[in-house]
Amino acid sequence: MTSVRIPRKTPEVRVPRLVGLMAVDARETAEARGVLLAAPDRPDFHLTVVDYVVRQYPLPGSEVPHGAVVTVWFDFGEGEGGGGAGVREPRRGGPPAGGLYRELDEPGDPFAVLR
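Residues numbered from 1 in each chain as written. Predicted model: local features only at pLDDT ≥ 70, side-chain atom pairs only at ≥ 80, totals over all residues. Heavy atoms only, no water.

K.L.:
Is there a simple way to explain the nonpolar core in this structure?
P.N.:
Among the nonpolar cores identified, the biggest contains 16 residues, and Leu 18, Leu 37, Phe 45, Val 70, Val 72 and Phe 74 are the most heavily contacted of them. Among the secondary structure elements, those contributing two or more residues to this core are helix H1 (23-33) and strand S5 (69-73). Counting residues per element, this core draws most heavily on H1, at three residues. Leaving out residues up to four positions away in the same chain, Leu 18 has contacts with Ala 26, Thr 29, Leu 37, Val 53, Gln 56, Val 70 and Val 72. (Core = buried A, V, L, I, M, F, W, Y, C linked by side-chain atoms within 4.5 Å. Buried < 20%, exposed > 50% of the residue type's maximum accessible area, 1.4 Å probe, protein only. Helix = DSSP H or I, 4+ residues; strand = E, 2+ residues; numbered from the N terminus. Contact = heavy atoms within 4.5 Å.)

So, in structure tokens, the structure goes:
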């Protein structure tokens, strides 16, 4: 009699939330949850320590096979943000000084050539 081997299904794990973690913490969290990490914007990812994860795929809570690769990024992509609420120039309230006088033409030749 020939025995038929039934392939065992790899157990599923939930992807942890890695956004906001430092690189070293993201690696430890991923290892504890049974997933691997890849960082296309950091070829030296295994040496990266204090950079923060800003994006990940698959999303947190997704079910993936044990040992699956989760991709993380440390820089925002084109048009994704990266600090829209940073330092801004000082704003002065109210209309500009000068009142209505500023709106009037300066006295001069009434028949000046327009350019």
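K.L.:
Help me understand the sheet that holds S5, please; the structure alone is not making it clear to me.
P.N.:
Taking strand neighbours across the sheet as the criterion, the three strands line up as S2-S5-S3 in an open arrangement whose pairing is mixed. Looking at strand neighbours, the two that pair on one side only are strand S2 (36-38) and strand S3 (55-57), the edges of this open sheet. The average undirected angle you get between the axes of adjacent strands in this sheet is 30 degrees. For S2 and S5, the ladder comprises three bridges, and the chain directions are parallel. Counted as the bridge partner of Ala 38 is Thr 71 from S5. (Pairing = 2+ DSSP bridges. Axes fitted to C-alpha atoms, helices over the stretch in contact; angles between N-to-C directions.)

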